[in-house]
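Structural description and commentary
Listed here are the chains, written in short residue letters.
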Amino acid sequence: MKIIKISIVALLFAFTSCGGGEKKEAETKDTATAKTETTATPGEANITINVTGNSMADMAYDPMSFTVKAGDKVKLTLINQNAAEGMLHNWVLVKLGTGQEVATAAIAAGTAKNYIPENPNIIAASGLAKPKETVTLDFTAPAAGSYNYICTYPGHFPSMIGKLIVE
Ligand SMILES: [Cu+2]
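Everything numeric here is computed off the predicted structure, so don't read it as measured data. (Residues numbered from 1 in each chain as written. Predicted model: local features only at pLDDT ≥ 70, side-chain atom pairs only at ≥ 80, totals over all residues.)

Across the sheet, which stays open at both edges, the five strands sit in the order E3-E9-E8-E5-E6 with mixed pairing between neighbours. Across the chains shown, the open sheet's two edge strands, defined by having one partner strand only, are strand E3 (65-68) and strand E6 (122-125). Taken over all neighbouring pairs, the strand axes of this sheet differ in orientation by 25 degrees on average, direction set aside. Relative to E6, strand E5 (residues 92-95) runs antiparallel, the two being bridged by three bridges. Its bridge partner lying in E6, Val94 is registered against Ile122. (Pairing = 2+ DSSP bridges. Helix = DSSP H or I, 4+ residues; strand = E, 2+ residues; numbered from the N terminus. Axes fitted to C-alpha atoms, helices over the stretch in contact; angles between N-to-C directions.)

Written out as structure tokens, the structure is:
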């Protein structure tokens, strides 16, 4: 019995040591080990972004900017507060100043790709939230610097743009 226990600890330690994306498994097995690991890896950031307004004229992200640390495991929740039909939104993280290029490519990509084009400027992208829907996105914060987040639903850029600052 004792031997089995030790080997489980060793296994969890192996997860911790390799530092990869195996975290969730370790967390569900042993809370104490998960806590230890949190201190050894970059932090976690839970971010909630609302989309306010009810038309093309007043739609916007709230907040329009936020800050995380490089390497943070970001859990982003996008809440579409719009009730109006056709008000679909997403959250696409792009290199600073590339919003127009990505938004234009998104229209070409169309509904088949949920307006997410193959584009090297895209760092992370959520799915589309229909009116009153919520979508979530997990991503790792990129290197320190400034980035834009945009909605790639046709016609929503440049109204829907924000800035992510990574420290
Ligand atoms: Cu939008």
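What follows picks up the thread again.
Moving on: the sheet that holds strand E2 (residues 60-62). The strand order E2-E1-E4-E7 describes an open sheet built from four strands, whose pairing is mixed. On the outer flanks of this sheet lie E2 and strand E7 (134-140), each paired with one strand and no other. Put simply, the sheet's adjacent strands are angled 25 degrees from each other on average, direction ignored. Pairing geometry for strand E1 (residues 44-52) and E2, over three bridges, is antiparallel. Along E2, the bridge assignment pairs Val51 with Tyr61.

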